[in-house]
Amino acid sequence: MVQDQSSSTPEGHYLDRRTIIRGMGLGVVGLSTLGLVNWLSGMSGTLAGQVDTSEAFRAAIGDLGKELFPAKRSEKYTIEPRTLTPEKIASVYNNFYEFTTKKSGVWRMARNFKVDPWKIEIAGDVEKPFTLDFEDLLKLAPLEERVYRFRCVETWAMQVPWIGYPLSKLIDRCKPLGKAKYIRFVTILDEDRLPGQMDKQWPWPYFEALRLDEARHDLAMVCVGIFGHGLPMQHGAPWRVVVPWKYGYKSPKSIVRIEFTEKRPGTFWNQALPREYGFFSNVDPSKPHPRWSQAMERDIGTGRRRATLLYNGYAEQVAGLYTGKEI
Ligand code: MTE
(Lines give C-alpha, C1' and ligand atoms only; values in the text may rest on other atoms or scores of the structure.)
Protein backbone atom coordinates (compact mmCIF):
# COMPACT_ATOMS: atom_id res chain seq x y z
CA MET A 1 0.00 0.00 0.00
CA VAL A 2 1.09 3.56 -0.37
CA GLN A 3 0.21 4.64 3.14
CA ASP A 4 2.61 4.83 6.01
CA GLN A 5 1.76 3.49 9.43
CA SER A 6 0.05 6.63 10.60
CA SER A 7 -2.71 5.96 8.09
CA SER A 8 -3.43 2.63 9.72
CA THR A 9 -5.36 4.66 12.25
CA PRO A 10 -9.00 4.86 11.22
CA GLU A 11 -8.75 8.52 10.35
CA GLY A 12 -12.47 9.26 10.50
CA HIS A 13 -12.95 7.84 13.97
CA TYR A 14 -9.64 9.08 15.27
CA LEU A 15 -10.43 12.64 14.25
CA ASP A 16 -13.92 12.36 15.61
CA ARG A 17 -12.67 11.17 18.96
CA ARG A 18 -9.92 13.73 19.17
CA THR A 19 -12.28 16.55 18.38
CA ILE A 20 -14.85 15.31 20.87
CA ILE A 21 -12.33 14.73 23.62
CA ARG A 22 -10.87 18.20 23.16
CA GLY A 23 -14.37 19.59 23.29
CA MET A 24 -14.98 17.74 26.51
CA GLY A 25 -11.77 19.10 27.98
CA LEU A 26 -10.48 15.61 28.68
CA GLY A 27 -7.27 15.76 26.68
CA VAL A 28 -5.94 12.59 25.14
CA VAL A 29 -5.47 10.68 28.40
CA GLY A 30 -8.76 8.87 28.12
CA LEU A 31 -8.09 7.55 24.61
CA SER A 32 -6.71 4.24 25.76
CA THR A 33 -9.72 3.56 27.95
CA LEU A 34 -11.67 0.85 26.19
CA GLY A 35 -15.10 1.93 27.36
CA LEU A 36 -14.61 5.50 26.29
CA VAL A 37 -13.23 4.50 22.91
CA ASN A 38 -16.21 2.24 22.26
CA TRP A 39 -18.66 4.84 23.44
CA LEU A 40 -17.17 7.45 21.17
CA SER A 41 -17.07 5.03 18.23
CA GLY A 42 -20.71 4.32 18.81
CA MET A 43 -21.48 8.00 18.56
CA SER A 44 -19.91 8.50 15.15
CA GLY A 45 -22.53 9.11 12.54
CA THR A 46 -24.93 10.75 14.95
CA LEU A 47 -22.93 13.82 15.87
CA ALA A 48 -23.59 17.22 14.34
CA GLY A 49 -22.08 17.53 10.88
CA GLN A 50 -21.79 13.76 10.49
CA VAL A 51 -23.59 11.57 8.00
CA ASP A 52 -25.89 8.70 8.82
CA THR A 53 -23.67 5.62 8.62
CA SER A 54 -26.60 3.17 8.59
CA GLU A 55 -26.41 3.39 4.80
CA ALA A 56 -22.96 1.91 5.04
CA PHE A 57 -24.48 -1.41 6.07
CA ARG A 58 -26.96 -1.84 3.25
CA ALA A 59 -26.44 -4.94 1.10
CA ALA A 60 -25.53 -3.91 -2.45
CA ILE A 61 -27.44 -6.92 -3.81
CA GLY A 62 -30.76 -5.59 -2.48
CA ASP A 63 -33.28 -8.36 -1.89
CA LEU A 64 -31.45 -10.95 -3.93
CA GLY A 65 -31.05 -14.12 -1.87
CA LYS A 66 -32.68 -12.38 1.10
CA GLU A 67 -34.06 -15.70 2.35
CA LEU A 68 -30.48 -16.98 2.75
CA PHE A 69 -29.54 -14.39 5.37
CA PRO A 70 -28.64 -14.41 8.20
CA ALA A 71 -26.74 -17.68 7.85
CA LYS A 72 -26.07 -20.05 10.73
CA ARG A 73 -22.77 -19.45 12.47
CA SER A 74 -20.19 -22.21 12.20
CA GLU A 75 -18.32 -22.91 15.42
CA LYS A 76 -15.48 -24.56 13.56
CA TYR A 77 -13.18 -21.58 13.80
CA THR A 78 -13.13 -19.30 16.82
CA ILE A 79 -11.30 -16.09 17.62
CA GLU A 80 -11.43 -16.10 21.43
CA PRO A 81 -10.44 -14.17 23.47
CA ARG A 82 -10.99 -11.44 20.86
CA THR A 83 -14.37 -9.86 20.43
CA LEU A 84 -16.15 -8.87 17.23
CA THR A 85 -15.34 -5.54 15.64
CA PRO A 86 -18.53 -3.44 15.62
CA GLU A 87 -20.16 -3.19 12.20
CA LYS A 88 -20.27 0.58 12.45
CA ILE A 89 -16.47 0.61 12.57
CA ALA A 90 -15.62 -2.17 10.08
CA SER A 91 -17.97 -0.87 7.40
CA VAL A 92 -16.68 2.70 7.33
CA TYR A 93 -12.97 1.84 7.34
CA ASN A 94 -12.11 0.12 4.08
CA ASN A 95 -9.40 -0.41 1.53
CA PHE A 96 -10.96 -0.31 -1.93
CA TYR A 97 -8.66 1.67 -4.21
CA GLU A 98 -11.13 1.56 -7.10
CA PHE A 99 -13.14 4.16 -5.20
CA THR A 100 -10.57 6.10 -3.18
CA THR A 101 -7.41 5.59 -1.17
CA LYS A 102 -9.12 7.27 1.78
CA LYS A 103 -10.43 4.55 4.06
CA SER A 104 -13.23 6.55 5.61
CA GLY A 105 -14.39 7.73 2.16
CA VAL A 106 -15.02 4.35 0.51
CA TRP A 107 -18.49 3.60 1.87
CA ARG A 108 -19.80 7.05 0.92
CA MET A 109 -18.59 6.75 -2.66
CA ALA A 110 -19.71 3.12 -2.95
CA ARG A 111 -23.21 3.37 -1.49
CA ASN A 112 -25.13 3.89 -4.75
CA PHE A 113 -23.09 1.45 -6.77
CA LYS A 114 -25.29 -1.13 -8.52
CA VAL A 115 -23.99 -4.67 -8.85
CA ASP A 116 -26.92 -6.28 -10.64
CA PRO A 117 -26.58 -8.06 -13.05
CA TRP A 118 -23.19 -9.59 -12.23
CA LYS A 119 -21.52 -12.34 -14.21
CA ILE A 120 -18.38 -14.30 -13.46
CA GLU A 121 -16.29 -15.75 -16.28
CA ILE A 122 -14.52 -19.05 -15.61
CA ALA A 123 -11.52 -19.52 -17.90
CA GLY A 124 -8.04 -20.96 -18.42
CA ASP A 125 -7.16 -24.57 -17.57
CA VAL A 126 -10.70 -25.87 -17.05
CA GLU A 127 -12.65 -28.65 -18.73
CA LYS A 128 -14.87 -26.07 -20.41
CA PRO A 129 -14.89 -22.28 -19.95
CA PHE A 130 -18.27 -20.90 -18.88
CA THR A 131 -20.03 -17.93 -17.32
CA LEU A 132 -21.75 -18.01 -13.96
CA ASP A 133 -24.47 -15.61 -12.83
CA PHE A 134 -23.95 -14.20 -9.35
CA GLU A 135 -27.26 -15.76 -8.31
CA ASP A 136 -25.89 -19.21 -9.19
CA LEU A 137 -22.74 -18.52 -7.23
CA LEU A 138 -24.83 -17.38 -4.27
CA LYS A 139 -26.72 -20.66 -4.26
CA LEU A 140 -23.88 -22.99 -5.15
CA ALA A 141 -23.43 -24.25 -1.57
CA PRO A 142 -25.14 -23.68 1.80
CA LEU A 143 -24.19 -20.36 3.36
CA GLU A 144 -22.59 -20.28 6.78
CA GLU A 145 -21.24 -17.52 8.98
CA ARG A 146 -17.61 -17.67 10.06
CA VAL A 147 -15.97 -15.24 12.42
CA TYR A 148 -12.40 -14.69 11.24
CA ARG A 149 -9.49 -12.52 12.24
CA PHE A 150 -8.58 -10.19 9.36
CA ARG A 151 -5.20 -8.46 9.22
CA CYS A 152 -4.17 -5.75 6.78
CA VAL A 153 -0.52 -5.41 5.79
CA GLU A 154 -0.77 -1.81 7.04
CA THR A 155 -0.99 -3.29 10.61
CA TRP A 156 -4.67 -2.69 11.35
CA ALA A 157 -6.79 -5.70 12.23
CA MET A 158 -10.42 -6.63 12.85
CA GLN A 159 -12.63 -9.63 13.63
CA VAL A 160 -15.79 -9.90 11.56
CA PRO A 161 -18.52 -12.46 10.74
CA TRP A 162 -18.21 -13.23 7.03
CA ILE A 163 -20.96 -15.20 5.29
CA GLY A 164 -20.28 -17.61 2.48
CA TYR A 165 -18.93 -21.09 1.84
CA PRO A 166 -15.57 -22.76 1.24
CA LEU A 167 -13.87 -21.62 -1.97
CA SER A 168 -13.20 -25.30 -2.74
CA LYS A 169 -16.91 -25.70 -3.59
CA LEU A 170 -16.63 -23.09 -6.33
CA ILE A 171 -13.35 -24.59 -7.56
CA ASP A 172 -15.04 -27.99 -7.89
CA ARG A 173 -17.83 -26.39 -9.91
CA CYS A 174 -15.22 -24.87 -12.27
CA LYS A 175 -13.69 -28.29 -13.01
CA PRO A 176 -10.02 -27.30 -13.32
CA LEU A 177 -7.72 -29.59 -15.30
CA GLY A 178 -5.07 -31.65 -13.49
CA LYS A 179 -2.30 -29.36 -14.76
CA ALA A 180 -3.81 -26.25 -13.10
CA LYS A 181 -1.65 -25.15 -10.14
CA TYR A 182 -2.93 -21.63 -9.48
CA ILE A 183 -6.19 -19.74 -9.37
CA ARG A 184 -6.29 -16.12 -10.50
CA PHE A 185 -9.00 -13.59 -9.64
CA VAL A 186 -9.71 -10.52 -11.75
CA THR A 187 -11.98 -7.85 -10.32
CA ILE A 188 -14.24 -5.18 -11.78
CA LEU A 189 -12.96 -2.67 -14.35
CA ASP A 190 -15.27 0.29 -14.85
CA GLU A 191 -13.48 3.62 -15.14
CA ASP A 192 -16.74 5.52 -15.60
CA ARG A 193 -18.04 4.47 -12.22
CA LEU A 194 -14.84 3.77 -10.30
CA PRO A 195 -12.92 7.04 -10.01
CA GLY A 196 -9.84 5.39 -8.49
CA GLN A 197 -9.26 3.58 -11.78
CA MET A 198 -8.43 6.91 -13.41
CA ASP A 199 -5.22 6.87 -11.41
CA LYS A 200 -2.86 5.24 -13.85
CA GLN A 201 -0.08 4.61 -11.37
CA TRP A 202 -1.96 1.35 -10.54
CA PRO A 203 -2.28 -1.63 -12.91
CA TRP A 204 -6.09 -1.86 -13.06
CA PRO A 205 -8.14 -3.96 -12.72
CA TYR A 206 -7.17 -5.32 -9.28
CA PHE A 207 -6.05 -8.93 -9.60
CA GLU A 208 -4.89 -11.55 -7.15
CA ALA A 209 -3.96 -15.22 -7.11
CA LEU A 210 -3.46 -18.23 -4.85
CA ARG A 211 -1.77 -21.57 -5.22
CA LEU A 212 -4.56 -24.05 -5.84
CA ASP A 213 -3.92 -26.04 -2.65
CA GLU A 214 -4.13 -22.80 -0.63
CA ALA A 215 -7.38 -21.92 -2.37
CA ARG A 216 -8.78 -25.36 -1.59
CA HIS A 217 -8.02 -25.02 2.13
CA ASP A 218 -11.24 -25.05 4.14
CA LEU A 219 -10.49 -21.60 5.62
CA ALA A 220 -10.46 -19.88 2.20
CA MET A 221 -13.97 -18.55 1.61
CA VAL A 222 -16.27 -17.35 -1.12
CA CYS A 223 -17.79 -14.43 0.75
CA VAL A 224 -21.23 -13.05 -0.12
CA GLY A 225 -22.21 -11.43 3.17
CA ILE A 226 -21.11 -9.91 6.45
CA PHE A 227 -22.78 -9.05 9.77
CA GLY A 228 -25.89 -11.10 9.01
CA HIS A 229 -26.69 -9.66 5.55
CA GLY A 230 -25.41 -9.48 1.99
CA LEU A 231 -22.14 -7.64 1.32
CA PRO A 232 -22.32 -3.87 1.21
CA MET A 233 -20.34 -2.43 -1.68
CA GLN A 234 -17.41 -1.20 0.41
CA HIS A 235 -16.66 -4.79 1.47
CA GLY A 236 -16.62 -6.02 -2.14
CA ALA A 237 -20.18 -6.70 -3.33
CA PRO A 238 -21.54 -8.83 -4.71
CA TRP A 239 -18.81 -11.27 -3.72
CA ARG A 240 -15.17 -11.53 -2.77
CA VAL A 241 -12.67 -14.04 -1.51
CA VAL A 242 -11.51 -14.08 2.13
CA VAL A 243 -8.20 -15.74 3.03
CA PRO A 244 -7.74 -15.06 6.75
CA TRP A 245 -4.14 -16.25 7.25
CA LYS A 246 -2.83 -13.84 4.61
CA TYR A 247 -2.61 -10.05 4.57
CA GLY A 248 -5.91 -8.49 3.53
CA TYR A 249 -4.78 -7.60 0.01
CA LYS A 250 -4.92 -11.32 -0.84
CA SER A 251 -8.72 -11.12 -0.34
CA PRO A 252 -9.91 -9.53 -3.61
CA LYS A 253 -13.28 -7.75 -3.83
CA SER A 254 -15.91 -7.61 -6.57
CA ILE A 255 -14.58 -10.47 -8.71
CA VAL A 256 -15.68 -10.83 -12.36
CA ARG A 257 -13.31 -13.48 -13.68
CA ILE A 258 -11.56 -16.61 -12.41
CA GLU A 259 -8.73 -18.27 -14.30
CA PHE A 260 -6.85 -21.48 -13.62
CA THR A 261 -3.21 -21.55 -14.65
CA GLU A 262 -0.18 -23.79 -14.65
CA LYS A 263 2.28 -20.93 -14.18
CA ARG A 264 2.20 -18.63 -11.16
CA PRO A 265 0.23 -15.49 -12.10
CA GLY A 266 1.23 -11.96 -11.17
CA THR A 267 -0.65 -9.96 -8.56
CA PHE A 268 -1.72 -6.31 -8.40
CA TRP A 269 0.44 -5.22 -5.48
CA ASN A 270 3.45 -7.22 -6.58
CA GLN A 271 3.27 -5.61 -9.99
CA ALA A 272 2.77 -2.11 -8.55
CA LEU A 273 5.45 -2.31 -5.83
CA PRO A 274 7.50 -5.49 -6.28
CA ARG A 275 9.99 -4.67 -3.54
CA GLU A 276 7.21 -4.42 -0.97
CA TYR A 277 4.65 -7.12 -1.80
CA GLY A 278 5.31 -10.75 -2.66
CA PHE A 279 3.07 -13.57 -3.82
CA PHE A 280 2.39 -15.58 -0.66
CA SER A 281 1.96 -12.70 1.80
CA ASN A 282 1.19 -14.87 4.80
CA VAL A 283 0.82 -12.91 8.04
CA ASP A 284 4.19 -13.21 9.75
CA PRO A 285 5.34 -11.01 12.67
CA SER A 286 9.00 -11.86 12.00
CA LYS A 287 9.03 -10.53 8.42
CA PRO A 288 8.89 -6.73 8.45
CA HIS A 289 7.46 -4.76 5.58
CA PRO A 290 10.34 -2.73 4.06
CA ARG A 291 8.80 0.41 5.58
CA TRP A 292 7.43 -0.81 8.93
CA SER A 293 7.47 -3.65 11.43
CA GLN A 294 4.81 -6.38 11.38
CA ALA A 295 5.46 -7.42 15.00
CA MET A 296 2.41 -5.57 16.36
CA GLU A 297 -1.06 -4.81 15.09
CA ARG A 298 -3.83 -2.42 16.08
CA ASP A 299 -7.41 -3.56 16.57
CA ILE A 300 -9.69 -1.02 14.84
CA GLY A 301 -12.54 -1.87 17.21
CA THR A 302 -10.79 -1.25 20.51
CA GLY A 303 -7.84 0.86 19.37
CA ARG A 304 -5.57 -1.50 21.31
CA ARG A 305 -2.26 -2.82 20.10
CA ARG A 306 -1.32 -6.46 20.43
CA ALA A 307 1.30 -8.89 19.09
CA THR A 308 0.76 -10.14 15.53
CA LEU A 309 0.23 -13.91 15.32
CA LEU A 310 1.96 -16.14 12.76
CA TYR A 311 -0.51 -16.95 9.95
CA ASN A 312 -2.82 -14.54 11.76
CA GLY A 313 -3.51 -17.19 14.42
CA TYR A 314 -4.29 -19.98 11.92
CA ALA A 315 -0.89 -21.74 12.07
CA GLU A 316 -2.39 -24.98 13.32
CA GLN A 317 -4.64 -25.16 10.28
CA VAL A 318 -2.40 -23.85 7.49
CA ALA A 319 1.30 -24.30 8.38
CA GLY A 320 1.26 -27.68 6.62
CA LEU A 321 0.56 -25.95 3.29
CA TYR A 322 4.08 -24.56 3.35
CA THR A 323 6.27 -27.26 4.90
CA GLY A 324 8.96 -28.41 2.51
CA LYS A 325 7.73 -25.99 -0.15
CA GLU A 326 9.52 -22.98 -1.46
CA ILE A 327 7.63 -19.80 -0.74
N1 MTE B 1 -10.00 -5.68 -3.61
C2 MTE B 1 -10.11 -4.74 -4.56
N3 MTE B 1 -10.80 -5.03 -5.69
N4 MTE B 1 -9.57 -3.50 -4.42
C5 MTE B 1 -8.85 -3.16 -3.30
O6 MTE B 1 -8.35 -2.02 -3.22
N7 MTE B 1 -7.97 -3.89 -1.14
C8 MTE B 1 -7.48 -5.05 -0.39
C9 MTE B 1 -8.56 -6.12 -0.21
N10 MTE B 1 -9.25 -6.35 -1.48
C11 MTE B 1 -8.69 -4.14 -2.28
C12 MTE B 1 -9.32 -5.40 -2.46
C13 MTE B 1 -6.95 -4.68 0.92
S14 MTE B 1 -5.46 -3.88 0.92
C15 MTE B 1 -7.59 -4.99 2.09
S16 MTE B 1 -6.84 -4.74 3.58
C17 MTE B 1 -8.94 -5.56 2.10
O18 MTE B 1 -9.49 -5.68 0.78
C19 MTE B 1 -9.87 -4.70 2.94
O20 MTE B 1 -11.14 -5.29 3.05
P21 MTE B 1 -12.33 -4.52 3.79
O22 MTE B 1 -12.33 -3.11 3.32
O23 MTE B 1 -13.57 -5.26 3.46
O24 MTE B 1 -12.01 -4.59 5.26
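Reference entry: report on the structure contained in this document. (Residues numbered from 1 in each chain as written. Predicted model: local features only at pLDDT ≥ 70, side-chain atom pairs only at ≥ 80, totals over all residues. Heavy atoms only, no water.)

What to know about the overall build of the protein chain
Step number 1: The helix and strand tally for the protein chain stands at nine helices and 12 strands.
Step number 2: The buried share of the protein chain, taken over its 327 residues, is 57%.
Step number 3: Here the protein chain displays about 14300 Å² of accessible surface, and carbon together with sulfur accounts for 53% of that area. (Helix = DSSP H or I, 4+ residues; strand = E, 2+ residues; numbered from the N terminus. Buried < 20%, exposed > 50% of the residue type's maximum accessible area, 1.4 Å probe, protein only. Areas by Shrake-Rupley, 256 points an atom, 1.4 Å probe, with all protein chains shown as cover.)

Notes on the sheet that holds strand S1 (residues 119–124)
Hydrogen bonds between backbone atoms are what pair the strands of a sheet, whose relative direction is either parallel or antiparallel.
Step number 1: Strand order across the open sheet formed by five strands is S2-S1-S10-S5-S6, with mixed pairing between neighbours. Whereas interior strands pair on both sides, the edge strands pair on one side only; in this sheet they are strand S2 (130–133) and strand S6 (207–211). Neighbour-to-neighbour, the strand axes of this sheet turn through a mean angle of 20°, independent of strand direction.
Step number 2: Alignment of S1 against S2, held across four bridges, turns out to be antiparallel. Each bridged residue has a counterpart across the sheet, and for Lys119 the counterpart in S2 is Asp133.
Step number 3: Each of S1, S2, strand S5 (182–187), S6 and strand S10 (255–261) is contacted by helix H6 (residues 167–174), which is oriented at about 140° to S2, the strand it contacts most. (Pairing = 2+ DSSP bridges. Axes fitted to C-alpha atoms, helices over the stretch in contact; angles between N-to-C directions. Contact = heavy atoms within 4.5 Å.)

Topic: H6
Step number 1: Of the residues making up H6, those classed as buried are Leu167, Ser168, Leu170, Ile171 and Cys174. An end-on view of H6 places all buried positions within 160° of arc, on one side of the element.
Step number 2: Count one or two residues on from H6 and you reach Lys175, which has phi positive near 50°. (Arc of directions from axis to C-beta.)

Quick notes on the nonpolar core
Step number 1: Among the nonpolar cores identified, the biggest contains 91 residues, and Leu137, Trp162, Leu167, Trp239, Trp245, Ile258 and Phe260 are the most heavily contacted of them.
Step number 2: Of the residues forming this core, the biggest block, six residues, is contributed by strand S4 (residues 156–166).
Step number 3: Excluding residues within four positions of it along the chain, Leu167 makes contact with Phe185, Leu210, Ala215, Ala220, Met221, Val222 and Val241. (Core = buried A, V, L, I, M, F, W, Y, C linked by side-chain atoms within 4.5 Å.)

Things to note about the packing of aromatic side chains
Centre distance and the angle of the planes are the two values used to describe a pair of aromatic rings.
Step number 1: One pass over the full model with this rule turns up 20 aromatic pairs.
Step number 2: Geometrically, the ring pair formed by Tyr93 and Trp156 is edge-to-face, given 5.2 Å between the ring centres and 70° between the ring planes. Residue Tyr93 is located in the loop between helix H3 (87–90) and helix H4 (106–110), and its partner Trp156 is located in strand S4; the two are separated by 63 residues in the primary sequence.
Step number 3: By relative accessible area, Tyr93 is classed as buried at 2%.
Step number 4: Classification of Trp156 as buried rests on a relative accessible area of 4%.
Step number 5: A ring pair is formed by Tyr148 and Tyr314, whose centres lie 5.9 Å apart and whose planes are at 70°; its orientation type is edge-to-face. Of this pair, Tyr148 sits in strand S3 (residues 144–151) while Tyr314 sits in the loop between strand S12 (305–307) and helix H9 (315–318), and the two are 166 residues apart along the sequence. For the pair Tyr148 and Tyr314, one class covers both residues: buried.
Step number 6: Aromatic rings pair up to connect Tyr97, Trp202, Trp204, Tyr206, Phe207, Tyr249, Phe268, Trp269 and Tyr277 into one cluster. (Phe/Tyr/Trp six-rings, centres within 6.5 Å; stacked < 30°, edge-to-face > 60°.)

As for the site of the ligand
Step number 1: Around the ligand sit 20 residues in total, of which Tyr97, Glu98, His235, Arg240 and Lys253 are the nearest.
Step number 2: Contacts to the ligand include Asn94, whose side-chain N or O atom sits 3.0 Å from an oxygen atom.
Step number 3: Its free accessible area being 540 Å², the ligand has 100% of it covered by the protein chains.
Step number 4: Here the shell around the ligand is composed, by residue class, of 10 nonpolar, seven polar and three charged. (Near = heavy atom within 4 Å. Polar contact = N/O pair within 3.5 Å; in protein donor to acceptor, adjacent residues only side chain to side chain. Nonpolar A, V, L, I, M, F, W, Y, C, P; charged D, E, K, R; others polar.)

Details of the side chain of Arg149
Step number 1: Relative to the helices and strands, Arg149 is located in strand S3.
Step number 2: Buried charge without a partner: Arg149 forms no salt bridge, and the closest opposite charge is Glu297, 7.0 Å away.
Step number 3: At 3.2 Å, the side chain of Arg149 and the backbone oxygen of Asn312 are in polar contact.
Step number 4: Ignoring any residue separated from it by four or fewer positions in sequence, one finds Arg149 in contact with Thr78, Ile79, Arg82, Met158, Gln159, Pro244, Leu309, Asn312, Gly313 and Tyr314. (Lys, Arg positive; Asp, Glu negative; His and termini not counted. Salt bridge = Lys/Arg side-chain N within 4 Å of Asp/Glu carboxyl O.)

Quick look at the environment of Ser74
Step number 1: Within the secondary structure, Ser74 sits in the loop between helix H2 (34–43) and H3.
Step number 2: Assessed through its relative accessible area of 14%, Ser74 is described here as buried.
Step number 3: When the C-alpha positions of Ser74 and Glu144 are compared, they lie 6.2 Å apart, and in sequence the two are 70 residues distant.
Step number 4: Other than its neighbours up to four places away in sequence, Ser74 contacts Glu144, Glu145 and Arg146.
Step number 5: A polar contact is formed between the side chain of Ser74 and the side chain of Glu144, at a distance of 3.4 Å.

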